[in-house]
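If you want the building blocks of each chain, they are given just below.
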Amino acid sequence: MSQAHIPNITPTISVTMEQSATMLLSSIALEEMALAHLMNAEAEKIQYVLGTLNSKSTPPASVSVNQLLEVNKTVRLTLQDVVMKEVLLQLKFSNVLDLIEKKSITR
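Residues numbered from 1 in each chain as written. Predicted model: local features only at pLDDT ≥ 70, side-chain atom pairs only at ≥ 80, totals over all residues. Heavy atoms only, no water.

Caption draft 1: Layout of the overall build of the protein. Of regular secondary structure, the protein possesses two helices and zero strands. Radius of gyration (C-alpha) of the protein: 23 Å, far over the 13 Å computed for a compact globule of 107 residues. Its C-alpha atoms give the protein principal-axis dimensions of about 60 × 55 × 25 Å. Contacts in the protein between residues at least 24 apart in sequence constitute 73% of all its contacts with a sequence separation of at least 6. Side-chain charges of the protein comprise 9 positive and 10 negative groups, with the mean position of each set lying 2 Å from the other. (Helix = DSSP H or I, 4+ residues; strand = E, 2+ residues; numbered from the N terminus. Rg over C-alpha atoms; globule rule 2.2 N^0.38 Å. Contact = heavy atoms within 4.5 Å. Lys, Arg positive; Asp, Glu negative; His and termini not counted. Charge placed at Lys NZ, Arg CZ, Asp CG, Glu CD.)

Here you go:
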């Protein structure tokens, strides 16, 4: 078998430090919004199962303790992942702030 031929691509991208910082901050904000939507969906999942969600969908007639515990487990696991992502976003945000501070100091 022969090796794949990958063409030499050298794109020229011109982005200033300020533009980079703005794009990084925008990406953090979008990720935060996505996490907020995930947390809201998990809250609505619990409200639906408990029958306290104000929606047009009918809640389950009866829910066993085991079913409640299973829903709680899935929500907990999802929220643990959200918390880990929040920690990473906090680190990313701190790094961007450091970048902005260094840029303003060198001016």
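Caption draft 2: Structural detail: the environment of Leu97. Relative to the elements of secondary structure, Leu97 occurs in helix H2 (residues 65–105). The class for Leu97 is partly exposed, based on a relative accessible area of 35%. Along the primary structure Leu97 and Leu25 are separated by 72 residues, whereas in three dimensions their C-alpha atoms are 9.2 Å apart. (Buried < 20%, exposed > 50% of the residue type's maximum accessible area, 1.4 Å probe, protein only.)

Caption draft 3: Spatial organisation of H2. Its 41 residues place the ends of H2 59 Å apart at the C-alpha level, agreeing with the 60 Å of an ideal helix rising 1.5 Å per residue. Where H2 is concerned, the buried positions are Val71, Val75, Val82, Leu89 and Val96. Turning to H2, the residues buried within the fold contact helix H1 (17–50). (Expected span 1.5 Å × (residues − 1).)

Caption draft 4: The arrangement of the pattern of salt bridges in detail. Within the structure shown, the criterion is met by three salt bridges. With a shortest N-O distance of 2.7 Å, Lys85 and Glu31 are connected by a salt bridge. Of this pair, Lys85 sits in helix H2 while Glu31 is found in helix H1, placing the two residues 54 residues apart along the sequence. Judged by its relative accessible area of 32%, Lys85 falls in the partly exposed class. As a salt-bridge pair, Lys92 and Glu31 come within 3.2 Å of each other at their nearest N and O atoms. (Salt bridge = Lys/Arg side-chain N within 4 Å of Asp/Glu carboxyl O.)

Caption draft 5: Here's a closer look at the nonpolar core. Core analysis: the biggest nonpolar cluster contains six residues, these being Ala21, Ile28, Leu35, Val82, Leu89 and Val96. At the level of elements, H1 and H2 are the ones that each hand at least two residues to this core. For Leu89, the residues in contact, after removing those within four places along its chain, are Ile28, Glu31, Glu32 and Leu35. (Core = buried A, V, L, I, M, F, W, Y, C linked by side-chain atoms within 4.5 Å.)

Caption draft 6: Quick look at the environment of Glu101. Summarising the element assignment, Glu101 is placed in helix H2. Once the C-alpha coordinates of Glu101 and Leu89 are considered, the two residues, 12 residues apart in sequence, prove to be 18 Å apart.

Remember, this is a structural readout, not a statement about activity or role.
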